[in-house]
Amino acid sequence: VSTVDRIDFSNDSPTASPRGPLSSARAILAATGNSNYGWFGGGIPGSVSIVDRIDFSNDSSTASPRGPLSLARRSLAATGNSNYGWFGGGNFGPVTAIVDRIDFSNDSVGALVRGPLSSARGYFAATGNSNYGWFGGGATPTQVSTVDRIDFSNDLSTASPRGSLTPSGRQFHAATSGVLNIRRQKAGNYGWFGGGQTPSVSTVDRIDFSNDSPTASPRGPLSSARAILAATGNSNYGWFGG
């Protein structure tokens, strides 16, 4: 589907509000954004390089196609800061370790290839703060618990392996962090990776951004075990849906 739903963080009990759709129907895609726009990249049917941009100030309109990813793929993950978005990994047949960077200030051109992940994988999740992005778990196709960290200030280097997720491997999970917008990004201290398939689990792991070498810390679980979900958050809460 091409559906876009909007959750009002100040009043999240009602049903989410349908907004303008993506430019085409697709699934197994990834998204990131800043305080003004959201970018949705990749996905199926097949594998696509499409990137759509949603204008948060005018979200009733159909999303606007922007410059594509460098490689058509699905089951990728994405994170970003106020200036750039990084789309990593995914499948285009075989899994890939490629990382593409979108320049939010010039998003009509194609994404630039940056330093790769430490290993090729897909079906994983990513989160970050203003300085780094963490890509965790996934499948190679064997399920892994690997967490890679991208240094946003030096993103041509290969991503650095950090402390792993628990349990020993999972895929189809989601991630969020305590980052609300560009004014508060530096205050984000943790990232949470929830759910996934090992088979399906309700596990929530927390990464400490200031000390990300130890294994992630298990926290209170989701209300039920599930996979192929999505997540978002602000500085106080994270929402894991579907």
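Residues numbered from 1 in each chain as written. Predicted model: local features only at pLDDT ≥ 70, side-chain atom pairs only at ≥ 80, totals over all residues. Heavy atoms only, no water.

Brief notes about unusual backbone geometry
Stage number 1. Pro-45 follows Ile-44 through a cis peptide bond whose omega is 25°.
Stage number 2. With respect to the element layout, Pro-45 can be found in the loop between β4 (37-41) and β5 (51-55).
Stage number 3. The amide bond that connects Thr-140 to the next residue, Pro-141, takes the cis arrangement and shows omega of 25°.
Stage number 4. Tracing the chain through its elements places Pro-141 in the loop between β12 (132-136) and β13 (147-151).
Stage number 5. Unlike most non-glycine residues, Phe-172 shows phi in positive territory, near 60°. (Helix = DSSP H or I, 4+ residues; strand = E, 2+ residues; numbered from the N terminus.)

Structural notes on the packing of aromatic side chains
We describe a pair of aromatic rings using the distance from one ring centre to the other and the angle between the two ring planes.
Stage number 1. This model, assessed by the stated rule, comprises 11 aromatic pairs.
Stage number 2. With a centroid separation of 3.9 Å and an interplanar angle of 5°, the aromatic rings of Trp-86 and Phe-152 are classed as stacked. Taken together, the residues Trp-86 in strand β8 (residues 84-88) and Phe-152 in the loop between β13 and β14 (160-162) connect sequence positions 66 residues apart.
Stage number 3. Of the residues examined, Phe-152 reaches a relative accessible area of 9% and is grouped as buried.
Stage number 4. Here Trp-134 and Phe-209 contribute two aromatic rings whose centre-to-centre distance is 4.0 Å and whose plane-to-plane angle is 5°, an arrangement assigned as stacked. Taken together, the residues span a long stretch of sequence, with Trp-134 in strand β12 and Phe-209 in the loop between β17 (204-208) and β18 (217-219) at a distance of 75 residues. You'll find Trp-134 and Phe-209 in the same group, each marked buried.
Stage number 5. Each member of the aromatic cluster is reached from another via a ring pair, and the members are Phe-9, Tyr-237 and Trp-239.
Stage number 6. Here the guanidinium or amino end of Arg-101 rests over the ring plane of Tyr-84, the centre of that ring lying 4.2 Å away. (Phe/Tyr/Trp six-rings, centres within 6.5 Å; stacked < 30°, edge-to-face > 60°. Buried < 20%, exposed > 50% of the residue type's maximum accessible area, 1.4 Å probe, protein only. Lys NZ or Arg CZ within 6 Å of the ring centre and 35° of its normal.)

Observations regarding the confidence of the model for the protein
Stage number 1. Averaged over the protein, the pLDDT score is 92; the fraction of residues at 70 or greater is 95%.
Stage number 2. Mean pLDDT per element in the protein: strand β19 (residues 230-233) is the minimum at 88, and strand β9 (residues 99-103) is the maximum at 98. (pLDDT = per-residue confidence, 0-100.)

Focus on the sheet that holds β17
Stage number 1. Ordered in space as β15-β16-β17-β18, the four strands form an open sheet in which the pairing is antiparallel. Across the chains shown, the open sheet's two edge strands, defined by having one partner strand only, are β15 (174-177) and β18. Each strand axis lies, on average, 30° off the axis of its neighbour in the sheet, ignoring direction.
Stage number 2. Sheet analysis places β15 next to strand β16 (residues 190-194), joined by four bridges and oriented antiparallel. Residue pairing in the sheet places Ala-174 in a bridge with Gly-194 of β16. (Pairing = 2+ DSSP bridges. Axes fitted to C-alpha atoms, helices over the stretch in contact; angles between N-to-C directions.)

Details of the sheet that holds strand β6 (residues 64-65)
The strands making up a sheet are joined through hydrogen bonds of the backbone, oriented either antiparallel or parallel.
Stage number 1. Pairing is antiparallel across the open sheet formed by four strands, whose spatial order is β3-β4-β5-β6. Strands with a single pairing partner mark the edges of an open sheet, and in this sheet they are β3 (30-33) and β6.
Stage number 2. Across five bridges, the pairing between β4 and β5 is antiparallel. From the neighbouring strand, Trp-39 faces β5, where its bridge partner is Arg-53.

Considerations on the pattern of salt bridges
Stage number 1. Under the counting rule described, the total for this entry stands at 12 salt bridges.
Stage number 2. Note that Asp-100 and Arg-73 form a salt bridge whose closest N and O atoms lie 3.1 Å from each other. Highlighted residues: Asp-100 in strand β9 and Arg-73 in the loop between β6 and β7 (77-80), separated in sequence by 27 residues.
Stage number 3. Residue Asp-100 is classed as buried on the basis of its relative accessible area of 0%.
Stage number 4. Owing to a relative accessible area of 0%, Arg-73 belongs among the buried residues under this scheme.
Stage number 5. Across the salt bridge formed by Asp-155 and Arg-101, the nearest N and O atoms sit 3.1 Å from each other. Taken together, the residues span a long stretch of sequence, with Asp-155 in the loop between β13 and β14 and Arg-101 in strand β9 at a distance of 54 residues. (Salt bridge = Lys/Arg side-chain N within 4 Å of Asp/Glu carboxyl O.)

Let's talk about the nonpolar core
Stage number 1. In terms of nonpolar packing, the biggest core is built from 11 residues, these being Ala-77, Trp-86, Ala-97, Val-99, Leu-117, Phe-124, Ala-126, Phe-135, Ile-150, Phe-152 and Ala-159.
Stage number 2. Sequence-distant contacts of Ala-159, that is, excluding residues within four places in its chain, are made with Pro-116, Leu-117, Ser-118, Asp-148, Arg-149 and Ile-150.
Stage number 3. With 10 residues, the next largest nonpolar core counts Ala-30, Trp-39, Leu-76 and Ala-111 among its residues. (Core = buried A, V, L, I, M, F, W, Y, C linked by side-chain atoms within 4.5 Å. Contact = heavy atoms within 4.5 Å.)

Section: the environment of Gly-241
Stage number 1. Examined against the element boundaries, Gly-241 turns out to sit in strand β20 (residues 238-241).
Stage number 2. Linking Gly-241 and Leu-229, residues 12 residues apart in sequence, is a C-alpha distance of 5.8 Å.
Stage number 3. Aside from chain neighbours lying at most four places away, what touches Gly-241 is Leu-229 and Ala-230.

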